[in-house]
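Given next are the chains, with one letter for each unit.
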Amino acid sequence: MGLNWRVHGDGKHVAPGDVVTPRERLAWPRTISIGAQHVVAMFGATFLVPLLTGFPPATTLFFSGIGTVLFLVITAGRVPSYLGSSFAFIAPITASVNQYGPGGALGGVIMAGAALFLIGLLVQIAGTGWLQKLMPPAVTGTIVALIGFNLAPSAKENFTAAPVTALVTLGSIILISVLFRGLLGRLSILLGVAIGYVTAVIRGEVDFTSIRAAWDAQGLFGLPHFQSPEFHLNLAGLFIPVILVLVAENIGHVKSVALMTGDDLDPYTGRAIMSDGLATMIAGSGGGSGTTTYAENIGVMAATRVYSTAAYWVAALVAILLSVTPVFGAAVATVPQGVLGGAATVLYGMIGMLGVRIWVQNRVDFSNPVNLTTAAIAMIVGIGDYTWSFAGLDFAGIALGTAAALVVYHLMAGIARARGSVGSDPLTPDTSQSPSPLG
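The following refers to the structure shown. Computed from a prediction, not measured in an experiment: that's the story for all the values here. (Residues numbered from 1 in each chain as written. Predicted model: local features only at pLDDT ≥ 70, side-chain atom pairs only at ≥ 80, totals over all residues. Heavy atoms only, no water.)

1. A short note on the overall build of the protein chain
Here is step 1: A tally of helices and strands in the protein chain yields 19 helices and six strands.
Here is step 2: Here the C-alpha atoms of the protein chain give a radius of gyration of 22 Å, agreeing with the 22 Å that 2.2 N^0.38 yields for 439 residues.
Here is step 3: The dimensions of the protein chain, computed from C-alpha atoms along their principal axes, are 70 × 55 × 45 Å.
Here is step 4: Taking all 439 residues of the protein chain together, the buried fraction comes to 55%.
Here is step 5: Positive and negative side-chain charges of the protein chain, numbering 19 and 19 respectively, have mean locations separated by a distance of 9 Å. (Helix = DSSP H or I, 4+ residues; strand = E, 2+ residues; numbered from the N terminus. Rg over C-alpha atoms; globule rule 2.2 N^0.38 Å. Buried < 20%, exposed > 50% of the residue type's maximum accessible area, 1.4 Å probe, protein only. Lys, Arg positive; Asp, Glu negative; His and termini not counted. Charge placed at Lys NZ, Arg CZ, Asp CG, Glu CD.)

Now the structure itself:
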């Protein structure tokens, strides 16, 4: 289970240029304090997902803690990570709740988790080479970008519900991210939401009756609200494309940690993806949102140079403890629309720009018509939220945009290679150049 950590040095200090590896730990008081920092780092994003989708925040927090424990056990304590709520699930959950209610959305989350587990199993057996061929950077970046930008109408709806509060929230996030360095700067969304919440209270936009009701009904401790899933096959096309984002996030997380610690973690990539799939399935079975590895916590590790999985066990247990405090969950649920709108404007845009970052980091060549056409068609389908009904199944913007990216890219790339037409355009570099103009 990866619970036998070695104490690093004297357990109190980390020498310059040194790191605390995943299989090491500092003294427990320091480990607990770092674990608490991980809770703060993941909290802003993790609790915003259920607020934006209408799921109970305490339930999602509970399953994020359970999922993190599961992840640490399956990866044998070699990959430090917190499994928080994935933003990629916001759009499909929102769409499916409107059609089938929360139960239907939970069924979709489970289907996505099962598909993700199978992908992880294949990666564990066959490696990641086939994934890179199926989803080169031109395709992966497009899919991630369209998922984020597909959510723009939802952000606008919440923003216009209370524009003053939303503007204060948005402005606070912007200013905090550039005014402060270190952990405070990385917590700009959480702090911005707190400032927006205070603004909403002053403006009389917050209803506190649910907090009192939670205390009267359950007292200090009580289990979060659990709900059973319902399965509707026509939601598969809405949820399963999300796994492409989760796969990319998991692989990126493992590679980032390996780079910072100097460990070879490639043998654990499949385990990480399988763990995320199982955690997502468990969350969907009880009323929580889908999970993913959290980049927010990489920032804490980079700042502290502590990559100990012991700190993540502390974070997981703290999250579970907070989730069984009904008053805490009720307080989180009182965050009003204006605050959510301001935060969502940043968050959804960030998801979209993560896709752009994939293009930039991998130097995707958009002077080549294969890459340009792939992104152009898929982005419009996703942002415009095109829909298509076939044989009783409904496919919305994310599913159709994902399909468009895969089909258009591989179809055009195959024909271009067969015809030798790649590079025939004066603005298109030759295939002999690195990176390939096909991404």
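2. Quick word on the packing of aromatic side chains
Here is step 1: On inspection of all chains with the given rule, the structure shows six aromatic pairs.
Here is step 2: Taken together, a centroid distance of 6.5 Å and an interplanar angle of 40° make the contact between Phe89 and Phe239 tilted. Of this pair, Phe89 sits in the loop between strand E3 (83-85) and helix H3 (90-126) while Phe239 is found in helix H11 (residues 236-239), placing the two residues 150 residues apart along the sequence.
Here is step 3: On the basis of relative accessible area, Phe89 is assigned to the buried category, the value being 0%. (Phe/Tyr/Trp six-rings, centres within 6.5 Å; stacked < 30°, edge-to-face > 60°.)

3. A look at the packing of helix H2 (residues 57-74) against helix H16 (residues 326-333)
Here is step 1: Two elements in contact, H2 and H16, have axes separated by 8 Å at closest approach and are oriented at 120°. Relative to H16, the element H2 is oriented oblique. The residues of H16 that touch H2, namely those facing Pro57, Ala58 and Leu61, are Phe328, Gly329, Val332 and Ala333.
Here is step 2: Of the residues contributing to the contact of H2 with H16, the split by class is six nonpolar, one polar and no charged. (Axes fitted to C-alpha atoms, helices over the stretch in contact; angles between N-to-C directions. Parallel < 35°, antiparallel > 145°, perpendicular 65-115°, else oblique. Contact = heavy atoms within 4.5 Å. Nonpolar A, V, L, I, M, F, W, Y, C, P; charged D, E, K, R; others polar.)

4. Some thoughts on unusual backbone geometry
Here is step 1: In the Ramachandran plot, Arg363 falls in the positive-phi region, its phi being about 50° despite a non-glycine side chain.
Here is step 2: Mapped onto the fold, Arg363 is located in the loop between helix H17 (337-361) and helix H18 (369-383).
Here is step 3: By relative accessible area, Arg363 is classed as exposed at 55%.
Here is step 4: In this structure, Asp385 is a non-glycine residue whose phi angle is positive, near 55°.
Here is step 5: Structurally, the position occupied by Asp385 is in the loop between H18 and strand E5 (388-390).
Here is step 6: The exposure class of Asp385 is partly exposed, given its relative accessible area of 38%.

5. Notes on the side chain of Asn158
Here is step 1: Residue position: Asn158 is located in helix H6 (residues 152-161).
Here is step 2: If near-sequence neighbours (up to four positions away) are discounted, Asn158 is found in contact with Leu52, Gln337, Gly338, Leu340 and Gly341.

6. A word on the packing of helix H7 (residues 163-179) against helix H9 (residues 188-202)
Here is step 1: With their axes 8 Å apart at the nearest point, H7 and H9 run at an angle of 150° to one another. Seen from above, H7 lies across H9 with right-handed handedness. Residues Thr165, Val168, Thr169, Ser172, Ile173, Ile176 and Ser177 of H7 touch H9, and the partners they reach there are Ser188, Ile189, Leu191, Gly192, Val193, Ile195, Gly196, Thr199 and Ala200.
Here is step 2: The residue inventory of the contact of H7 with H9, partitioned by class, reads eight nonpolar, eight polar and no charged. (Left-handed = near helix turned anticlockwise from the far one by under 90°.)

7. Describing the pattern of salt bridges
Two side chains of opposite charge can pair, provided their charged atoms sit close to one another.
Here is step 1: Scanning all chains against the criterion turns up three salt bridges.
Here is step 2: Between Glu24 and Arg6 there is a salt bridge whose closest N-O contact spans 3.7 Å. On the criterion of sequence distance, the pair formed by Glu24 in strand E2 (residues 24-25) and Arg6 in strand E1 (residues 6-7) is long-range, its members being 18 residues apart.
Here is step 3: Of the charged contacts in the structure, one is a salt bridge between Glu205 and Arg203, with a shortest N-O distance of 3.1 Å.
Here is step 4: Residue Glu205 is classed as partly exposed on the basis of its relative accessible area of 27%.
Here is step 5: Judged by its relative accessible area of 46%, Arg203 falls in the partly exposed class. (Salt bridge = Lys/Arg side-chain N within 4 Å of Asp/Glu carboxyl O.)

8. Structural notes on a nonpolar patch on the surface
Here is step 1: Taken together, Leu175, Val178, Leu179, Phe180 and Leu184 make up a surface patch of nonpolar side chains, about 510 Å² in accessible area.
Here is step 2: With three residues, H7 is the largest single contributor of residues to the nonpolar patch.
Here is step 3: Relative to the helices and strands, Val178 resides in helix H7.
Here is step 4: For Val178, a relative accessible area of 65% translates into the label exposed. (Patch = residues over 30% accessible without salt bridge, like charges linked within 9 Å, V, L, I, M, F, W, Y side chains within 5 Å. Areas by Shrake-Rupley, 256 points an atom, 1.4 Å probe, with all protein chains shown as cover.)

9. Side note on H7
Here is step 1: Taking 1.5 Å per residue, 17 residues should reach 24 Å; H7 reaches 24 Å between its end C-alpha atoms and fits that length.
Here is step 2: Turning to H7, its buried residues number three or more, namely Thr165, Ala166, Thr169, Leu170, Ser172, Ile173 and Ile176. Each buried residue of H7 sits inside an arc of 155° when the element is viewed along its axis, so together they form one side. Opposite the buried face of H7, by more than 90 degrees, sit the exposed residues Leu167, Val178 and Leu179. (Expected span 1.5 Å × (residues − 1). Arc of directions from axis to C-beta.)

10. Observations concerning the layout of surface pockets
To find leftover empty space, a probe the size of one water molecule is rolled over the atoms.
Here is step 1: If you add up the space inside the second largest pocket, you get close to 590 Å³.
Here is step 2: Together, 30 residues line the second largest pocket, and Ala91, Thr94, Ala95, Asn98 and Asp385 are the ones closest to its centre.
Here is step 3: Taken together, the residues that form the lining of the second largest pocket break down as 15 nonpolar, twelve polar and three charged. (1 Å grid on protein atoms, 1.4 Å probe; cavity = no way out; pocket = protein on both sides within 12 Å on 5 of 7 lines; lining within 4 Å. Points joined across faces, edges and corners; volume = space filled by probe spheres on them.)

11. Looking at the nonpolar core
Here is step 1: Core analysis: the largest hydrophobic core is formed by 108 residues, its most contacted members being Phe47, Leu48, Phe89, Phe239 and Tyr348.
Here is step 2: Counting residues per element, this core draws most heavily on H3, which supplies twelve residues.
Here is step 3: Filtering out sequence-adjacent residues up to four positions away, Phe47 remains in contact with Leu190, Val193, Val332 and Val335.
Here is step 4: Val14, Val20, Leu26 and Ile34 belong to the second-largest nonpolar core, a separate cluster that totals six residues. (Core = buried A, V, L, I, M, F, W, Y, C linked by side-chain atoms within 4.5 Å.)

12. Points about the environment of Thr387
Here is step 1: Within the secondary structure layout, Thr387 lies in the loop between H18 and E5.
Here is step 2: Owing to a relative accessible area of 61%, Thr387 belongs among the exposed residues under this scheme.

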